[in-house]
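# Understanding the architecture of this molecule
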Amino acid sequence: MRVLVTGAGGQLGRELVDAFLAAGHEAVAADHRRLDVGDRHAVLQAVDAASPQAVVNAAAWTAVDACEADPDRAWRVNALGVRHVAEGARLVGAHLCHVSTDHVFDGTKADPYVEWDRPNPQSAYGRSKLAGEQEAGPGAAVVRTSWLCGRHGPNMAKTVLRLAGEREELAVVDDHVGIPTYTGHLAPALVALAETRATGVLHATGEEPCSWFDFAQAIFAAAGREVSLARARTQDLGRPAPRPAYSVLGSERADAPRLP
């Protein structure tokens, strides 16, 4: 099938294009420079020109603190952008698969969040992403994931490895628990959901919960580097946007992707 991938220049978007091609599909890659999802006319024109059987929306503004300072931009991309992509998909009869986030939850739960738990976002980013889920519509697959890391784009692994070369000691928060998800595992799972035209909310993450501090330790161990790490608390970093302290995602759907 022909698939339109929005946000194709991001770390997940680039993996998605490769995964669809590897599965024998035709992938039309639309990165931010080619397609601003906040521009309704441009989106409808792009979807009509591509005439896809499926659309995977990986376009998002994920700078959590920047979203807090500019909520209008967050809503334009993360909420209205999904509305435009969903409208375009409906007009050409394409199935929509939309990527969302663990930030739609408040982080107060003591065990993994499943698909039917009530969202309660605490940040502008989280609220805009929840609105995007609602804009996707009932016929779409809405896939929540967390802590993306991969070969492309900026992410936690690349950041801590870079900072380790610049500082004698790194302070990493240990009071925020979630699940790292490798984009190279998530992308093929999204391909499968597009192929089966799955609908509704699904959770798809890696398997092992950890804190950011634990994750940093694992990164340095895998890289064979000895780095001095200090434990920090999120409140000590003075970040503008609140984060869910516990954002582990689980699933109660039999058809939810199971990632390594």
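Just above sits the structure.
Right, let's walk through the structure included here. (Residues numbered from 1 in each chain as written. Predicted model: local features only at pLDDT ≥ 70, side-chain atom pairs only at ≥ 80, totals over all residues. Heavy atoms only, no water.)

## Here we look at helix H5 (residues 124-136)
Inclusion rule: The way it works is that DSSP assigns letters per residue, a run of H or I at least four long becomes a helix, a run of E at least two long becomes a strand, and they are numbered from the N terminus. The span you would expect from a helix comes to 1.5 Å times its residue count less one. Remark: exposure states derive from per-residue accessible area (1.4 Å probe, protein chains only) relative to the maximum for the residue type, with buried under 20%, exposed over 50%, and partly exposed in between. Only heavy atoms enter the contact rule, under which two residues are in contact if any of them lie within 4.5 Å.
Between its first and last C-alpha atoms H5 spans 19 Å; for 13 residues at 1.5 Å apiece the expected length is 18 Å, and the two agree. Burial analysis of H5 places 10 of its 13 residues in the buried class, the great majority of the element. Three or more residues of H5 are buried, namely Ala124, Tyr125, Gly126, Ser128, Lys129, Leu130, Ala131, Gly132, Glu133 and Ala136. Of the surrounding secondary structure, the elements contacted by the buried residues of H5 are helix H3 (64-69), helix H4 (71-92), strand E4 (95-101) and strand E5 (141-145).

## Side note on the packing of aromatic side chains
The test is simple: The aromatic pairing rule takes the rings of Phe, Tyr and Trp, using the six-membered ring of Trp, and pairs them if the centres are within 6.5 Å, calling planes under 30 degrees apart stacked, those over 60 edge-to-face and the rest tilted. The criterion is that NZ of a Lys, or CZ of an Arg, lies within 6 Å of the ring centre and within 35 degrees of the ring normal, and then a charge sits over that ring.
Following the criterion strictly, the structure yields 3 aromatic pairs and no others. On the numbers, 4.2 Å between centres and 15 degrees between planes, the contact of phenylalanine 105 with tyrosine 113 is stacked. Neither phenylalanine 105 nor tyrosine 113 differs from the other in exposure class; each is buried. Relative to tryptophan 212, the ring of tryptophan 147 lies with its centre 3.6 Å away and its plane at 10 degrees, an arrangement referred to as stacked. Taken together, the residues span a long stretch of sequence, with tryptophan 147 in the loop between E5 and strand E6 (148-149) and tryptophan 212 in helix H8 (residues 212-223) at a distance of 65 residues. The same class applies to tryptophan 147 as to tryptophan 212, namely buried. Joined through ring pairs, the aromatic side chains of Trp147, Trp212 and Phe215 make up one cluster. Between arginine 73 and the ring centre of tryptophan 61, over which it is positioned, the NZ or CZ distance is 3.9 Å. Sitting over the ring of phenylalanine 213, arginine 231 keeps its end group 4.0 Å from the ring centre.

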